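Below, each chain spelled out in residue letters.
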4 protein chains.
Amino acid sequence: MPRLTANARSEVRERLLRAAATRFAADGFEGANINTISLQAGLAKGTVYNYFSSKEELFGEVIRSASRRAVELWSRAPAGGSLEECLRALAAADVRVLREQEPFMKVLVREAMSFRPETYPMILEHLAPFLEAVGGCLGRAVGGGRLRDDLPPEELALVFVGMLALFYIQHWGSDGAWPVLDDVPELVVTLFLDGARGPAARASGNVQ
Amino acid sequence: MPRLTANARSEVRERLLRAAATRFAADGFEGANINTISLQAGLAKGTVYNYFSSKEELFGEVIRSASRRAVELWSRAPAGGSLEECLRALAAADVRVLREQEPFMKVLVREAMSFRPETYPMILEHLAPFLEAVGGCLGRAVGGGRLRDDLPPEELALVFVGMLALFYIQHWGSDGAWPVLDDVPELVVTLFLDGARGPAARASGNVQ
Amino acid sequence: MPRLTANARSEVRERLLRAAATRFAADGFEGANINTISLQAGLAKGTVYNYFSSKEELFGEVIRSASRRAVELWSRAPAGGSLEECLRALAAADVRVLREQEPFMKVLVREAMSFRPETYPMILEHLAPFLEAVGGCLGRAVGGGRLRDDLPPEELALVFVGMLALFYIQHWGSDGAWPVLDDVPELVVTLFLDGARGPAARASGNVQ
Amino acid sequence: MPRLTANARSEVRERLLRAAATRFAADGFEGANINTISLQAGLAKGTVYNYFSSKEELFGEVIRSASRRAVELWSRAPAGGSLEECLRALAAADVRVLREQEPFMKVLVREAMSFRPETYPMILEHLAPFLEAVGGCLGRAVGGGRLRDDLPPEELALVFVGMLALFYIQHWGSDGAWPVLDDVPELVVTLFLDGARGPAARASGNVQ
DNA sequence: AATGAATGAGTCTTCATTCAT
DNA sequence: GATGAATGAAGACTCATTCAT
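In this text the structure is predicted, and so the values were computed from the model without any measurement.

Each value, and the rule that gives it
- Residues numbered from 1 in each chain as written.
- Chains lettered and ligands numbered in written order.
- Predicted model: local features only at pLDDT ≥ 70, side-chain atom pairs only at ≥ 80, totals over all residues.
- Heavy atoms only, no water.
- Contact = heavy atoms within 4.5 Å.
- Buried area = accessible area lost by both parts, 1.4 Å probe.
- Salt bridge = Lys/Arg side-chain N within 4 Å of Asp/Glu carboxyl O.
- Polar contact = N/O pair within 3.5 Å; in protein donor to acceptor, adjacent residues only side chain to side chain.
- Helix = DSSP H or I, 4+ residues; strand = E, 2+ residues; numbered from the N terminus.
- Nonpolar A, V, L, I, M, F, W, Y, C, P; charged D, E, K, R; others polar.
- Least-squares fit on C-alpha atoms with pLDDT ≥ 70 in both.
- Near = heavy atom within 4 Å.
- Axes fitted to C-alpha atoms, helices over the stretch in contact; angles between N-to-C directions.
- Parallel < 35°, antiparallel > 145°, perpendicular 65-115°, else oblique.
- Left-handed = near helix turned anticlockwise from the far one by under 90°.
- Buried < 20%, exposed > 50% of the residue type's maximum accessible area, 1.4 Å probe, protein only.
- Expected span 1.5 Å × (residues − 1).
- Bend = angle between axes of the 7 residues up to and from the residue.

On to the interface of chain A and chain B. In this complex, chain A contributes 43 residues to the contact, which on the side of chain B involves 44 residues. Carbon and sulfur atoms make up 63% of the surface buried where chain A meets chain B, a total of about 4,200 Å² over both sides. Inspection of the region where chain A meets chain B yields 4 salt bridges. Between Arg197(A) and Glu84(B) there is a salt bridge, with its nearest N and O atoms 2.4 Å apart. Inspection of the region where chain A meets chain B yields 20 residue pairs in polar contact (both at pLDDT 80 or more). The element best represented in the side of chain A that touches chain B is helix H8 (residues 153-173) of chain A, accounting for 12 residues. Looking at the side of chain A that touches chain B residue by residue, the class counts come to 22 nonpolar, 10 polar and 11 charged.

Below, the structure written as structure tokens:
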């Protein structure tokens with residue numbers, strides 16, 4: 001008879017993952033330290049190894065867990081409507097994940113941006129569902145001539161996701177000064193679709 | 001009287017910085033290793049400490065040196081002409097720096113994207129000249145209504161620089177598959193200015 | 001009233017000792033691992049400590065139990081007859097113990113041969129009954145001039161037991177190739193008594 | 001220009017090997033501890049790793065170094081003369097190695113007797129020259145009918161070497177009480193050749 | 001009685017840094 | 001100035017042991 005119920009066990013696991021996410025986000029993979037992680041989770045060093053077989057695996061689980069939750073929220077986002085609405089819904093879902101799992105998302109973004117050969121593929125793999133959702137919105141818009149046709153939707157999707165990450169980084173780097181998270185979906189959608197010239201410029205500037 | 005001419009001394013220093021940039025770019029700050037760096041520079045471990053007082057300082061100098069060279073090239077870029085031309089010239093200058101100093105730039109981008117509190121301000125500080133140059137191009141365009149006015153030029157400049165970095169990351173992450181470096185200036189300028197809808201959509205899709 | 005019958009309790013104890021012997025034999029004292037031992041016995045780690053107070057004690061009990069069984073079998077060996085018969089019977093009994101309790105015997109031999117100050121005396125102590133039996137065979141033969149008299153029977157007994165161990169080691173080390181266990185009693189007795197020159201050489205070679 | 005001459009460097013290496021041999025002999029491979037070894041050599045922990053890449057390698061070098069010296073002395077032993085003289089010379093050479101390199105030899109014997117699959121082959125490999133020398137003495141004697149012919153010389157050589165080890169173990173286990181090292185060559189040769197019955201028994205006891 | 005989660009001392013190993021030559 | 005041997009702090013990981021259930 002196990003001493004801990006499956007539930008209690010997984011609660012401890014969660015606590016460890018949360019602590020690990022915080023430390024990995026703050027210090028990076030190399031900089032983080034198992035002892036500190038365990039203490040932050042209110043446990044002793046050795047306990048970490050009852051749940052994860054190595055620092056590497058712990059790190060992988062942090063990433064996996066981050067993207068699992070993200071995919072879940074993304075998939076609930078209503079993907080219909082106009083192009084703007086579709087993208088805005090996805091961006092909003094992503095921001096919601098960010099708020100809910102900030103440390104996890106920091107790790108995710110940080111790793112995605114560090115292009116380390118070891119983790120880049122893993123990140124991309126877990127990003128795939130979101131990229132596909134974005135690609136779906138874009139694909140439906142291509143037909144109507146509402147999108148530039150010199151770039152395939154997949155590459156545009158990468159740019160969209162990249163811009164999201166960009167604003168997060170800017171948000172964290174400026175200590176929340178700009179942009180405010182609430183503004184990110186609107187910001188990313190309009191800049192992604194209309195660029196710096198904006199929709200206004202579009203209407204006026206082209207008559208001549 | 002020094003036993004080495006200032007010239008010889010600074011030549012060794014350069015060699016060390018170059019080796020350090022390569023290693024830091026490949027392995028990150030923690031992962032890089034003084035011994036390997038010195039060997040790659042054709043010197044012995046101890047010699048590093050005749051030129052830099054610590055690993056931290058060496059890292060700082062790598063970043064400083066990366067941005068010094070970048071600023072130099074940026075400042076030579078002709079900043080006049082139309083908005084497109086101005087931005088394209090700056091982006092092209094940046095790509096030139098990238099080619100010339102790839103390891104240094106990798107370190108720079110990687111650190112900028114890792115938003116570590118220790119280095120983020122340093123990076124921003126060294127980015128300032130470039131940001132100002134971009135801001136200059138944009139500022140001159142704001143007046144003529146050729147730019148959206150819901151965002152100040154400084155923030156737009158950050159987005160522009162961020163998008164550049166985004167394409168570099170994508171370039172490195174895809175092992176050079178997409179985008180090719182030569183395409184980056186055009187790509188970043190058009191996406192930055194016109195967004196995913198593109199200039200074509202602008203002419204056609206909006207008249208009605 | 002105990003919740004386990006004495007019988008059930010001692011059955012579990014046996015299972016633990018057997019598992020421990022296997023692991024200690026394969027991995028040595030330091031290399032063996034309580035968790036593995038308990039699992040091999042079909043129990044959980046903690047249970048080991050309901051039966052033995054520490055790894056050290058468990059190890060001691062393995063040795064004690066090995067020699068207890070050996071002594072028992074040795075004592076049943078018919079000790080009469082000629083010198084050869086007497087020694088052969090003892091050696092055969094020893095080989096029988098070996099077959100029956102191979103892991104235990106491996107631990108025993110391994111420890112005896114490692115002359116660790118902590119265990120050497122314990123081993124010798126448990127070997128005593130067998131040494132005495134061998135000494136008995138030899139003592140009866142000394143009188144008749146059928147044994148060299150430059151060495152006391154006790155030391156000869158040590159040599160006999162050592163040679164037995166030697167053949168076991170050789171057997172294990174060669175993965176059973178040579179000698180086969182069945183041959184050991186004959187082999188050890190003839191080599192011990194007649195040496196490399198053998199009984200044939202004795203008859204012929206000395207006439208000249 | 002290296003800070004240490006090759007000589008000084010190899011002197012430190014020797015010191016480390018000597019310390020390691022002592023610790024490995026006393027505690028076994030697992031039981032020994034790099035920190036203790038380095039301190040016993042008058043150095044700090046880290047220094048060990050300037051000379052050996054791991055504990056495993058250090059251990060291997062201890063064994064290699066033990067057998068190198070032994071082979072050297074063995075090869076100088078005059079291998080001619082009668083069978084007795086030949087074997088006695090080899091045994092005497094081995095005892096000389098033992099005296100000179102007691103800790104090393106303890107490791108060697110201990111490992112040889114522990115029949116660990118990892119090290120057993122290594123030991124045998126390094127023992128080969130000695131086994132061959134012994135085999136040489138025996139081979140030359142086989143022809144004249146001065147040796148039993150029911151066992152091939154190679155197996156007899158193994159028994160000879162094993163008996164030597166046996167007496168060493170007995171010597172160490174009895175704290176030097178019996179046998180005295182000086183007596184070992186004579187002891188091992190006569191017991192190996194004539195067995196417990198001895199040469200006297202041969203002349204008298206067998207005629208009838 | 002059995003369990004297995006938690007613990008933390010102890011181990012190997014790495015590596016920035018110092019400094020005698 | 002360059003060198004590389006020596007150092008020891010720090011970190012990942014193992015495992016005997018404890019103890020609540």
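To continue, consider the relation of the copies chain C and chain D. When chain C is fitted onto chain D, the two copies agree to an RMSD of 0.3 Å after a turn of 178 degrees and an axial shift of 0.0 Å. Accordingly, the operation relating the two chain copies is best matched by a two-fold axis. Scanning chain C for the C-alpha nearest the rotation axis identifies Gly195(C), at a separation of 1.8 Å. Most of the interface of chain C is mirrored in chain D, where 100% of its interface residues are also at the interface.

Lining the immediate environment of DNA strand F, one finds 38 residues, of which Lys45(A), Thr47(B), Lys55(C), Ala44(D) and Tyr51(D) sit closest. Looking at DNA strand F alone, sugar and phosphate atoms form 69% of those within 4 Å of the protein. Note that a base nitrogen of DNA strand F is positioned 3.0 Å from one of the side-chain N or O atoms of Lys45(A). Mapped by element, the contributors of at least two residues to the surface near DNA strand F are helix H3 (45-51) of chain A, helix H3 (45-51) of chain B, helix H3 (45-51) of chain C together with helix H1 (6-31) and helix H3 (45-51) of chain D. In the surface near DNA strand F, the residues fall into 17 nonpolar, 10 polar and 11 charged.

With that settled, the discussion passes to the side chain of Arg148(A). Topologically, Arg148(A) is positioned in the loop between helix H7 (120-142) and H8. Within polar-contact distance, the side chain of Arg148(A) engages the backbone oxygen of Gly195(B) at 2.8 Å. Setting aside residues no more than four positions away along its own chain, Arg148(A) makes contact with Leu156(A), Thr190(B), Leu191(B), Gly195(B), Ala196(B), Arg197(B), Gly198(B) and Pro199(B).

What describes two packed helices is the angle between their axes and the distance between those same axes. Running from N to C, helix H8 (residues 153-173) of chain C and helix H8 (residues 153-173) of chain D point in directions that differ by 125 degrees, and their axes come no closer than 10 Å. With respect to H8(D), the element H8(C) is oriented oblique. Viewed along their axes, H8(C) and H8(D) form a crossing whose handedness is right-handed. Across from Leu158(C), Val159(C), Gly162(C), Met163(C), Leu166(C), Phe167(C) and Gln170(C) in H8(C), the residues of H8(D) making contact are Leu158(D), Val159(D), Gly162(D), Met163(D), Leu166(D), Phe167(D) and Gln170(D).

For the rest of this paragraph, the subject is unusual backbone geometry. Residues and elements named next belong to chain A. Geometrically, the link from Trp-178 to Pro-179 is a cis peptide bond, its omega value of -5 degrees lying close to zero. A positive phi is found at Asp-175, a non-glycine position, where the angle reads about 60 degrees. Structurally, Asp-175 is set in the loop between H8 and helix H9 (184-194). Of the residues examined, Asp-175 reaches a relative accessible area of 73% and is grouped as exposed.

Residues and elements named next belong to chain B. Counted at 1.5 Å a residue, the expected span for helix H1 (residues 6-31) with its 26 residues is 38 Å, but the 32 Å between its end C-alpha atoms falls short. For H1, the principal kink sits at Ala-25 and spans about 85 degrees. Considered for burial, the residues of H1 that qualify are Val-12, Leu-16, Leu-17, Ala-19, Ala-20, Ala-21, Arg-23, Phe-24, Ala-25, Gly-28 and Phe-29.

Applying the stated criterion across every chain, the model contains 46 salt bridges over all chains. Notably, a salt bridge pairs Asp150(A) with Arg148(A), separated by 2.8 Å at the nearest N-O pair. By relative accessible area, Arg148(A) is classed as buried at 8%. One salt bridge in this structure joins Glu61(B) and Arg64(B), with 2.7 Å as the shortest N-O distance. Highlighted residues: Glu61(B) and Arg64(B), both in helix H4 (residues 55-76), separated by 3 residues, approximately one helical turn. Classification of Arg64(B) as partly exposed rests on a relative accessible area of 28%. What you see here is one network of salt bridges that share partners, running through Arg69(A), Glu72(A), Arg76(A) and Glu100(A).

By themselves, these observations are geometric and do not establish any function.
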